[in-house]
Amino acid sequence: RKSRPDNRRRPVMRHEKKDAPDADGTSPFMTPDPMTRDGLTLIEMLVVISILGLLLWLGLSSIGSSPGTRLQAAARGVLATAESCRTGSTLSGRGRSIVYDLDAQAYWVEIPSATDPAAEPERILATRLPPTIRLETVLLDEGTTASNGQVRLTGRSSGFLPAHALRLRHVEGAMLFTALIGPFAGQARVTEGHPDWSAMFVTETEADVPGGVKPEQ
């Protein structure tokens, strides 16, 4: 009776090479050729996804950093600082001042000393505008305009802050944004161009304070 062929893989002897191929030309100990395998490994896929994400981020950054976007962001930064000055004056019960330095192209908030009125005020939230953005003018509600030097506006514990407007221009073009800051909270906005801003400014005697309380004199 014919014996069946033994298909079991025989053990590798010591004198034989471990990478010796079987009858079909393959060996369980041979490392597959990376040039002949199909698909990508997990690490390669992660690298590809990372590169695509980086390219997408760079593209969005170039779109988001347009002159108009940077100019509008600078104007909103001014509004945030002015509102912080207003809120700090109300919470502390002592008037804080916001200062615009048109020569240094910077602005900040000053906190007066609680014990010594003659002492140098503390300076917080100091911000210098980027080189590509210029603070051209500060306009006050009484019709005065400042294009150089410092403008100091002091808030009151009632939340009142003198109404004013700031015109910021991008140096790369004619694009202009105006930051409008009214006398009380909720009266601030950013608009493009030269708006008719005088209509939103209310004088101290005409201001309607919530609850019927008039601003401090």
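Scroll up to find the structure.
Because the structure is a prediction, the values reported are computed rather than measured.

(A) The sheet that holds strand 1 (residues 97-101), seen in detail. Across the sheet, which stays open at both edges, the four strands sit in the order 3-2-1-6 with antiparallel pairing between neighbours. Whereas interior strands pair on both sides, the edge strands pair on one side only; in this sheet they are strand 3 (122-128) and strand 6 (150-154). Shown here is a sheet whose adjacent strand axes are inclined to one another by a mean of 15°, direction ignored. As paired elements, strand 2 (residues 106-111) and strand 3 share five bridges and run antiparallel to each other. When the bridges of strand 3 are listed, isoleucine 111 appears paired with glutamate 122.

(B) Representation of the pattern of salt bridges within the structure. On inspection of all chains with the given rule, the structure shows three salt bridges. The closest approach of N and O atoms between glutamate 136 and arginine 169, which form a salt bridge, is 2.6 Å. Here the residue glutamate 136 occupies a position in strand 4 (residues 133-140), and arginine 169 occupies one in strand 7 (residues 164-170), the gap between them amounting to 33 residues.

(C) Quick peek at the environment of valine 190. With respect to the helices, strands and loops of the structure, valine 190 is situated in strand 9 (residues 188-192). Overall, valine 190 belongs to the buried group, its relative accessible area being 15%. Expressed as a C-alpha distance, the spacing of valine 190 and glutamine 72, which sit 118 residues apart in the sequence, is 7.4 Å. Apart from residues no more than four positions distant in its own chain, valine 190 is found in contact with Gln72, Ala75, Arg76, Leu79, Phe177 and Thr178.

(D) Region of interest: the sheet that holds strand 8 (residues 176-181). Spatial ordering of the open sheet is given by 5-4-7-8-9, a layout of five strands whose pairing is antiparallel. Only two strands of the sheet have a single neighbouring strand rather than two, namely strand 5 (145-146) and strand 9. Bridging between strand 7 and strand 8 involves six bridges; their strand directions are antiparallel. Looking at strand 8, one finds that leucine 168 is bridged to phenylalanine 177. Across the sheet, helix 2 (residues 67-92) touches strand 4, strand 7, strand 8 and strand 9, and the angle it forms with strand 8 is around 15°.

(E) Here's a closer look at the side chain of threonine 81. Within the secondary structure, threonine 81 sits in helix 2. Ignoring anything within four residues of it in the chain, the contact list for threonine 81 reads Ile98, Tyr107, Val109 and Leu125.

(F) Spatial organisation of the environment of phenylalanine 184. Relative to the helices and strands, phenylalanine 184 is located in the loop between strand 8 and strand 9. Sequence separation between phenylalanine 184 and serine 158 is 26 residues; the distance between their C-alpha atoms is 8.9 Å.

(G) Local environment of the nonpolar core. Within the largest apolar cluster, 27 residues are counted, with the highest numbers of intra-cluster contacts made by Tyr100, Val151, Leu166, Leu168 and Ile181. Contributions of two or more residues to this core are made by helix 2, strand 1, strand 2, strand 4, strand 6, strand 7 and strand 8.

(H) Layout of the packing of aromatic side chains. Scanning the model with the defined rule gives two aromatic pairs in all. Look at tyrosine 100 and tyrosine 107: their rings are 6.3 Å apart centre to centre, the planes differ by 45°, and that puts the pair in the tilted class. The pair tyrosine 100 / tyrosine 107 is uniform in exposure class, with both members buried. Seen from their ring centres, phenylalanine 160 and phenylalanine 184 are 5.6 Å apart, and the 65° between their planes marks the pair as edge-to-face. Of the two residues, phenylalanine 160 sits in the loop between strand 6 and strand 7 while phenylalanine 184 sits in the loop between strand 8 and strand 9, which places them 24 residues apart along the sequence. Residue phenylalanine 160 shares its accessibility class with phenylalanine 184, and that shared class is buried. Above the ring of tryptophan 108, the side-chain terminus of arginine 123 is found at 3.8 Å from the ring centroid.

(I) Representation of the pairing of strand 2 within the structure. Within strand 2, six of the six residues are buried, which leaves it mostly tucked inside the rest of the structure. Burial along strand 2 is two-sided: the face carrying Ala106, Trp108 and Glu110 and the face carrying Tyr107, Val109 and Ile111 are both buried. As paired elements, strand 1 and strand 2 share five bridges and run antiparallel to each other. When the sheet's bridge partners are listed, valine 99 is paired in strand 2 with tryptophan 108.

Rules used in this analysis
- Residues numbered from 1 in each chain as written.
- Predicted model: local features only at pLDDT ≥ 70, side-chain atom pairs only at ≥ 80, totals over all residues.
- Heavy atoms only, no water.
- Pairing = 2+ DSSP bridges.
- Helix = DSSP H or I, 4+ residues; strand = E, 2+ residues; numbered from the N terminus.
- Axes fitted to C-alpha atoms, helices over the stretch in contact; angles between N-to-C directions.
- Salt bridge = Lys/Arg side-chain N within 4 Å of Asp/Glu carboxyl O.
- Buried < 20%, exposed > 50% of the residue type's maximum accessible area, 1.4 Å probe, protein only.
- Contact = heavy atoms within 4.5 Å.
- Core = buried A, V, L, I, M, F, W, Y, C linked by side-chain atoms within 4.5 Å.
- Phe/Tyr/Trp six-rings, centres within 6.5 Å; stacked < 30°, edge-to-face > 60°.
- Lys NZ or Arg CZ within 6 Å of the ring centre and 35° of its normal.

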